[in-house]
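What the coordinates show
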Amino acid sequence: MLKKIKKIYKKILDVVFPTHCTGCKKENTPLCIDCLNNLPPAMEVNNISNVSIFDYKDTTVKNSIWFLKYGGNKEIGKIFAYSIYDRLLEEMSEQNIFSNFHDPFLIPIPLSKKRLKKRGFNQSEILAKEMSFIDGDVSFKIATNVLYKIKDTPSQVSIKDKKKRLQNLKGCFSVKNPDNIKNRNIILIDDITTTGATIAEARKTLLGAGAKKVIAFTIAH
């Protein structure tokens, strides 16, 4: 019985604190620098307002996001946060030149109260907070008390039809104290995007509340 408990405990630890790289199995890192540098980039999406860094079809990308999303692994979050941050600065430089995109708020896609209670953390918030730490409030300010998910919707993964995905999320977000974002630029942060329905609904809600422009960054697509 004790042996069985130890095995279960080890499996839990491997999820929360993986002791080897999800790509090459190198020890003492959840994702080594060599594997990170070799991750395939996301396929280009015909929307400059939605930027994804890596291709979710890649096994290492998928497994790494799983550790972050369901294990709350902050080490994985830190690694991906740096990748998003580097790309974000590049895009912001262009946005500042062509769209006067300055003083943005960094907003993680929120979870519903029910989902947050069940999971215990928000993986998008882990990313956003680490990015804020890296940046030191130089390029943006994090705002976790603006966008809320007011409806507990079924997981988007379980819905294959794009129209049904959009319908599933309709009206699920709300903005608290809209005066805080009036005429402000917004950067949304999430872990993955597939059809883009979540980002689209969040953007619609923020723009409807008075935001100036909303762009989005995700780990993978």
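Above this text sits the structure in question.
The following paragraphs examine the structure supplied in this document. Treat the numbers as computed from the prediction; the structure is a model and nothing was measured.

Our focus in this paragraph is the overall build of the protein chain. The number of helices and strands found in the protein chain is eight helices and seven strands. Across the 221 residues that make up the protein chain, the buried fraction comes to 46%. Taking all contacts inside the protein chain whose residues are at least 6 apart in sequence as the whole, residues at least 24 apart take part in 72%. By element, 55% of the accessible surface of the protein chain is carried by carbon and sulfur atoms, the whole surface being about 12600 Å².

What follows concerns the nonpolar core. Counting 36 residues, the largest nonpolar core has Leu31, Phe54, Phe80, Ile187 and Ile219 as the members making the most contacts within it. Those elements that provide at least two residues to this core are helix H2 (33-37), strand E1 (50-54), helix H3 (59-71), helix H4 (74-99), helix H6 (123-135), strand E6 (185-192) and strand E7 (213-220). Once residues lying within four places of it in the same chain are set aside, the contact partners of Ile219 are Ser52, Ile53, Phe54, Ile65, Leu68, Phe80, Ile84, Leu127, Asp190 and Asp191.

The next subject is the packing of aromatic side chains. Using the criterion set out here, one finds four aromatic pairs in the structure. When the ring of Tyr85 is compared with that of Phe140, the centres are 6.2 Å apart and the planes differ by 75°; the resulting orientation is edge-to-face. Of the two residues, Tyr85 is situated in helix H4 and Phe140 in the loop between H6 and strand E3 (141-142); the sequence distance between them amounts to 55 residues. Per residue, the accessibility class of Tyr85 equals that of Phe140, and both read buried. Taken together, the ring pairs connect Trp66, Phe67 and Tyr70 into an aromatic cluster. If you follow Arg184 out to its NZ or CZ, it ends over the ring of Phe105, 4.0 Å from the centre.

Further remarks concern the sheet that holds E6. Taken in spatial order, the five strands make up an open sheet running E1-E7-E6-E2-E3, and their pairing is parallel. The open sheet has two free edges, formed respectively by E1 and E3, since each of these has just one partner strand. In the packing of H6 onto the sheet, the strands contacted are strand E2 (105-108), E3, E6 and E7, and the crossing angle to E6 comes to about 125°.

Here H3 spans 17 Å end to end across 13 residues, near enough to the 18 Å set by a 1.5 Å rise per residue. For H3, the set of buried residues is Thr60, Val61, Ser64, Ile65, Phe67, Leu68, Lys69 and Gly71. The N-terminus of H3 is capped by Asp58, whose side-chain oxygen sits 3.1 Å from the backbone nitrogen of Thr60. Directly after H3, the chain includes Gly72, whose backbone phi takes a positive value near 60°.

Bringing the pattern of salt bridges into the picture now. Per the stated rule, a full pass over the model turns up six salt bridges. Notably, a salt bridge pairs Asp34 with Lys26, separated by 3.8 Å at the nearest N-O pair. The class of Lys26 is partly exposed, set by a relative accessible area of 40%.

This next bit is on the pairing of E1. Most of E1 is tucked away, with five of its five residues classed as buried. Bridge count for E1 against E7 is four bridges, and the pairing is parallel. Note on E7: the bridge partner recorded for Asn50 is Ala216.

In this structure, the second largest pocket encloses a volume near 460 Å³. Every residue lining the second largest pocket is counted, 24 residues in all, and those nearest its centre are Pro108, Leu116, Asn122, Glu125 and Thr144. Where the lining of the second largest pocket is concerned, the elements lending two or more residues are H4, E2, helix H5 (113-119), H6 and strand E4 (147-149). With four residues, H6 is the largest single contributor of residues to the lining of the second largest pocket. A per-class count over the lining of the second largest pocket returns twelve nonpolar, five polar and seven charged.

All right, on to unusual backbone geometry then. In this structure, Asp103 is a non-glycine residue whose phi angle is positive, near 50°. With respect to the secondary-structure elements, Asp103 resides in the loop between H4 and E2.

What counts and how
Residues numbered from 1 in each chain as written. Predicted model: local features only at pLDDT ≥ 70, side-chain atom pairs only at ≥ 80, totals over all residues. Heavy atoms only, no water. Helix = DSSP H or I, 4+ residues; strand = E, 2+ residues; numbered from the N terminus. Buried < 20%, exposed > 50% of the residue type's maximum accessible area, 1.4 Å probe, protein only. Contact = heavy atoms within 4.5 Å. Areas by Shrake-Rupley, 256 points an atom, 1.4 Å probe, with all protein chains shown as cover. Core = buried A, V, L, I, M, F, W, Y, C linked by side-chain atoms within 4.5 Å. Phe/Tyr/Trp six-rings, centres within 6.5 Å; stacked < 30°, edge-to-face > 60°. Lys NZ or Arg CZ within 6 Å of the ring centre and 35° of its normal. Pairing = 2+ DSSP bridges. Axes fitted to C-alpha atoms, helices over the stretch in contact; angles between N-to-C directions. Expected span 1.5 Å × (residues − 1). Polar contact = N/O pair within 3.5 Å; in protein donor to acceptor, adjacent residues only side chain to side chain. Salt bridge = Lys/Arg side-chain N within 4 Å of Asp/Glu carboxyl O. 1 Å grid on protein atoms, 1.4 Å probe; cavity = no way out; pocket = protein on both sides within 12 Å on 5 of 7 lines; lining within 4 Å. Points joined across faces, edges and corners; volume = space filled by probe spheres on them. Nonpolar A, V, L, I, M, F, W, Y, C, P; charged D, E, K, R; others polar.

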